[in-house]
Amino acid sequence: MSAVYLLLLLLPLVSAQTYHWGPCPTPKVQPNFNLPQYLGRWYEIEKLPASFERGKCIEANYAIRRDGTIRVLNSQFYKDKVRTAEGTAVVQDPRDPARLGVSFSYFTPYSPYWVLTTDYTSLSVVYSCTDILHLFHVDYAWILGRSRFLPADTVRYAKELLISEGIDLFRMKATDQTGCKDK
């Protein structure tokens, strides 16, 4: 019975997320992933809802730190100002470098950041999923571009890939990238 109470307490926390009953899907990731080519700026084109991303002009910038970890600097324009969040990503297994972990606090464990596909120059499709009590899972998916806008065919390809890997896109929505100022 205590698991049910815990579940009821957790549901409001994930209300802005996308959650499903059962375990996380295990999609295939980018073979021969090349982290140095992936680094740099990526713009969010579409995403599954995330409570930490409610603004517009959302982008992420990845850079290697001296200690070998990856600096993740996310920014968005929200409530009339630019807001940033800095985190750390790590390659958890060098034999499977497209399955990274990312954390935005010293107090939280690394969450999955799986690069399902990328051509390094225009498109990246990223997925993250966390099982909760083996009862349900919370997932995130992002379609990223090296430019603020991608051709419709490219976005369609990314969505078809996610669907083919068993990821529900019912709540996926476009990110507003209009009127953004580039640095």
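Residues numbered from 1 in each chain as written. Predicted model: local features only at pLDDT ≥ 70, side-chain atom pairs only at ≥ 80, totals over all residues. Heavy atoms only, no water.

### Here's the deal with the environment of Pro-27
Considering the arrangement of structural elements, one finds Pro-27 in the loop between strand 1 (18-21) and helix 2 (35-38). Taking the relative accessible area as the measure of exposure, Pro-27 reaches 0% and is therefore buried. (Helix = DSSP H or I, 4+ residues; strand = E, 2+ residues; numbered from the N terminus. Buried < 20%, exposed > 50% of the residue type's maximum accessible area, 1.4 Å probe, protein only.)

### With respect to the nonpolar core
By size, the foremost hydrophobic cluster in this structure holds 44 residues, and its most contacted members are Tyr-38, Tyr-62, Tyr-113, Leu-116, Ile-143 and Leu-162. In terms of residues, this core owes the most to one element, strand 9 (residues 136-145), which gives 7 residues. The contacts of Ile-143, once residues within four sequence positions are left out, are Tyr-43, Glu-44, Ile-45, Glu-46, Leu-123, Ser-124, Leu-150, Val-155, Ala-158, Lys-159, Leu-162 and Met-172. (Core = buried A, V, L, I, M, F, W, Y, C linked by side-chain atoms within 4.5 Å. Contact = heavy atoms within 4.5 Å.)

### Focus on the state of the cysteines
Should the sulfur atoms of two cysteines be covalently bonded, the bond is a disulfide. Inspection of every chain in the model, using the stated rule, returns 2 disulfides. The side chain of Cys-24 participates in a disulfide bridge whose partner is Cys-129; the two sulfur atoms lie 2.1 Å from each other. For the disulfide bridge between Cys-24 and Cys-129, the dihedral angle about the S-S bond is near -90 degrees, and by the sign convention the bridge is left-handed. Note that Cys-24 is positioned in the loop between strand 1 and helix 2 and Cys-129 in strand 8 (residues 123-132), a separation of 105 residues in sequence. (Disulfide = S-S within 2.5 Å.)

### Quick look at helix 3 (residues 152-164)
Here helix 3 contains 13 residues, and its C-alpha end-to-end distance of 18 Å stays within 8% of the 18 Å for a straight helix at 1.5 Å per residue. Among the residues of helix 3, those classed as buried are Val-155, Ala-158, Leu-161 and Leu-162. Down the axis, helix 3 shows its buried residues gathered within 120 degrees of arc, on one side only. Seen from the open side of helix 3, the exposed residues pointing more than 90 degrees away from its buried face are Ala-152, Asp-153, Ile-163 and Ser-164. Gly-166 lies just past helix 3 and shows a positive phi near 85 degrees. (Expected span 1.5 Å × (residues − 1). Arc of directions from axis to C-beta.)

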